[in-house]
Amino acid sequence: MDLFDAAATRYSSGHRGVDLAAHPGQDIAASAAGVVHFAGMVAGRPSISVDHGGGLRTTYTPAVATVSRGQQVTVGQIIGAVGSDEHCRSACLHWGLTDGIDHFDPMFHRDVPVIRLLPLGSTPRPRPRLPTVISGGGLPVSGRTSSPFGMRTHPITGFRKLHDGTDIAAPCGTPVVLPWPGRVVSATFHSAYGYRVIVEHGGLRTAYAHLRGLEVHAGDTLPSGSRVGHVGSTGLSTGCHLHWMAWRNGALVDPLTLLD
């Protein structure tokens, strides 16, 4: 087993997960309850990720999925089988834990003793904890995730770049509601995002793009559940959907990781 090796920065080299000895075709079980966030190919490798709420999700590679995106799973449920890959010298499963930006040691949430030597006066980084349950509410609009947060080839421009939000497919005219109370900081038209509303929640910002039009104004204070607009297809859009974005402390994050 190759253990987690924290990188000095988000972009420097490191081992961002744990390699578990396995053989191709061996069953893979979910390490905690959650909702399947992704099941498919990433850079030519079969992969699965499971969202556990509270901003954390586990990843499994190479993993041939037997579940589909959006499916709720329980702890220990079989979600796929180990695939073939050249990541390890012999067959293995690469198991990771991430909040969509940073990576953590997935062994931290297990009952495994860990000894860390720290400089005098320093404060250890808190261990991330996977919740045991996940709630299904909080989406601004009901629908399926048609394009998740992450790297992709843009369907219109053809360029590969970060998809900076989560697309939720829904019919044009479907009401878009606010998951949390907040204050509207921007309500404008953008050439790419179309009609977009940005809301400040205090340390957290969310945005709602490709709306049919603008129905709120900058400075408006809105309670949770209030309507911020209707689903549209304005800007660079291939059809009716909501492009939902989020920033936590100024950094882009996958908005689905905010639901708990």
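Residues numbered from 1 in each chain as written. Predicted model: local features only at pLDDT ≥ 70, side-chain atom pairs only at ≥ 80, totals over all residues. Heavy atoms only, no water.

### Re the nonpolar core
Here's step 1: With 19 residues, the main nonpolar core has Val 176, Val 184, Val 197, Tyr 208, Leu 242 and Trp 244 as its most contacted residues.
Here's step 2: Mapped by element, the contributors of at least two residues to this core are strand E16 (182–190), strand E17 (194–200), strand E18 (204–211) and strand E21 (241–248).
Here's step 3: Counting 14 residues, the second-largest nonpolar core is a separate cluster that includes Ala 22, Ile 28, Val 50 and Ala 63. (Core = buried A, V, L, I, M, F, W, Y, C linked by side-chain atoms within 4.5 Å. Buried < 20%, exposed > 50% of the residue type's maximum accessible area, 1.4 Å probe, protein only. Helix = DSSP H or I, 4+ residues; strand = E, 2+ residues; numbered from the N terminus.)

### Remarks on the environment of Thr 59
Here's step 1: With respect to the helices and strands, Thr 59 occurs in strand E5 (residues 57–61).
Here's step 2: Among all residues touching Thr 59, those that are not within four sequence positions of it are Ile 48, Ser 49, His 94, Trp 95, Gly 96, Leu 97 and Thr 98. (Contact = heavy atoms within 4.5 Å.)

### Regarding the confidence of the model for the protein
Here's step 1: Residue-level pLDDT values for the protein average 80, and 76% of them are 70 or greater.
Here's step 2: Across the protein, element-level confidence peaks in E17 with a mean pLDDT of 96 and bottoms out in strand E12 (residues 150–153) with 75.
Here's step 3: Note that pLDDT drops below 50 for residues 109–114; the model gives that stretch 11 contacts with residues more than four away or on any other chain.
Here's step 4: Note on residues 129–137: pLDDT under 50 across the span, and 23 contacts to partners over four residues away in sequence or across chains. (pLDDT = per-residue confidence, 0-100.)

### Thoughts on the sheet that holds strand E6 (residues 63–65)
Here's step 1: Spatially, the 3 strands line up as an open sheet ordered E2-E8-E6, and their pairing is antiparallel. Looking at which strands have only one partner, the edges of the open sheet turn out to be strand E2 (27–29) and E6. Put simply, the sheet's adjacent strands are angled 45° from each other on average, direction ignored.
Here's step 2: Alignment of E2 against strand E8 (residues 78–82), held across 3 bridges, turns out to be antiparallel. Pairing of Asp 27 across the sheet is with Ala 81, part of E8. (Pairing = 2+ DSSP bridges. Axes fitted to C-alpha atoms, helices over the stretch in contact; angles between N-to-C directions.)

### As for the state of the cysteines
Here's step 1: According to the stated counting rule, one finds 1 disulfide in the structure shown.
Here's step 2: The disulfide that involves Cys 172 links it to Cys 240, with 1.9 Å between the sulfurs. The chirality of the disulfide connecting Cys 172 with Cys 240 is left-handed, given an S-S dihedral of about -95°. Of this pair, Cys 172 sits in the loop between strand E14 (166–169) and strand E15 (175–177) while Cys 240 sits in the loop between strand E20 (227–230) and E21, and the two are 68 residues apart along the sequence.
Here's step 3: You can call Cys 240 partly exposed: its relative accessible area is 33%. (Disulfide = S-S within 2.5 Å.)

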